[in-house]
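Each chain is listed here by its residues.
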Amino acid sequence: MKAFTGAIALWTVIAFSLLLFDPGGQYLLLGCMRLVGRSVECEAQAQAMNAELWRLHTAPLMLTVVIGYVAILLIRVRTWMLRARRPRTGDPMVRHA
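Since we're looking at a predicted model, the values are computed, not measured.

Undergrad: Just to check I follow, could you spell out the side chain of Arg 76 for this structure?
TA: Secondary-structure assignment places Arg 76 in helix H2 (residues 40-85). Exposure remark for Arg 76: the relative accessible area of 9% places this residue in the buried category. Leaving out residues up to four positions away in the same chain, Arg 76 has contacts with Met 1, Phe 4 and Arg 83.

Below, the structure is given as structure tokens:
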């Protein structure tokens, strides 16, 4: 259980640092973007750029984080299954050779 908790804690630190120090959030703004007086074309360009950033950057980053947690969980489930199959030495119903 300590290894499982340690793996979760370590992956959380790695995932947090990926999200915190991610250079992908430093994209340049469109030249037409201003606080006041944006055109409809500029808004459409900004929405298209945001959709591409989601598809090419944000979604893969989130998928990486989720895959890490799923991998840790699968390893833990496999460990439980292997331990459940192993006969216990103190069990009087198990016959040892």
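Undergrad: Teacher, can you tell me more about a nonpolar patch on the surface here?
TA: On the surface, a cluster of nonpolar side chains totalling about 550 Å² of accessible area is made up of Leu 10, Ile 14, Leu 18, Leu 19, Trp 54 and Met 62. Where the nonpolar patch is concerned, the elements lending two or more residues are helix H1 (2-20) and H2. With respect to the helices, strands and loops of the structure, Ile 14 is situated in helix H1.

Undergrad: Looking at this structure, I do not really get the packing of H1 against H2. What am I missing?
TA: Describing two packed helices takes the angle between their axes plus the distance from one axis to the other. H2 packs onto H1 with a crossing angle of 175 degrees between their chain directions and a minimal axis gap of 10 Å. Considering the angle they form, H1 stands roughly antiparallel to H2. Where H1 approaches H2, its residues Phe 4, Ala 7, Ile 8, Trp 11, Thr 12, Ala 15, Leu 18 and Leu 19 are matched on the opposing element by Leu 61, Met 62, Thr 64, Val 65, Gly 68, Tyr 69, Ile 72, Leu 73 and Arg 76. Classifying every residue of the contact of H1 with H2 gives 13 nonpolar, three polar and one charged.

Undergrad: Would you explain H2 in this entry?
TA: Each α-helix turn comprises 3.6 residues. Residues three or four places apart therefore point the same way. In a regular helix each residue adds 1.5 Å, so 46 residues correspond to 68 Å; H2 covers 65 Å between its end C-alpha atoms and thus fits that length. Taken as a whole, H2 carries its principal kink of about 45 degrees at Trp 54. Every buried residue belonging to H2 is among Cys 42, Ala 46, Leu 53, His 57, Leu 61, Val 65, Gly 68, Ile 72 and Arg 76, and all of these are buried.

Undergrad: Explain the pattern of salt bridges here, please?
TA: Close approach of charged atoms allows side chains of opposite charge to pair. Within this structure, the stated rule accounts for one salt bridge. A salt bridge links Arg 55 to Glu 52; its shortest N-O distance comes to 2.8 Å. Remark: Glu 52 and Arg 55 occur in helix H2; sequence separation between them is three residues, near one turn of the helix.

Reading guide: rules and limits
- Residues numbered from 1 in each chain as written.
- Predicted model: local features only at pLDDT ≥ 70, side-chain atom pairs only at ≥ 80, totals over all residues.
- Heavy atoms only, no water.
- Helix = DSSP H or I, 4+ residues; strand = E, 2+ residues; numbered from the N terminus.
- Buried < 20%, exposed > 50% of the residue type's maximum accessible area, 1.4 Å probe, protein only.
- Contact = heavy atoms within 4.5 Å.
- Patch = residues over 30% accessible without salt bridge, like charges linked within 9 Å, V, L, I, M, F, W, Y side chains within 5 Å.
- Areas by Shrake-Rupley, 256 points an atom, 1.4 Å probe, with all protein chains shown as cover.
- Salt bridge = Lys/Arg side-chain N within 4 Å of Asp/Glu carboxyl O.
- Axes fitted to C-alpha atoms, helices over the stretch in contact; angles between N-to-C directions.
- Parallel < 35°, antiparallel > 145°, perpendicular 65-115°, else oblique.
- Nonpolar A, V, L, I, M, F, W, Y, C, P; charged D, E, K, R; others polar.
- Expected span 1.5 Å × (residues − 1).
- Bend = angle between axes of the 7 residues up to and from the residue.

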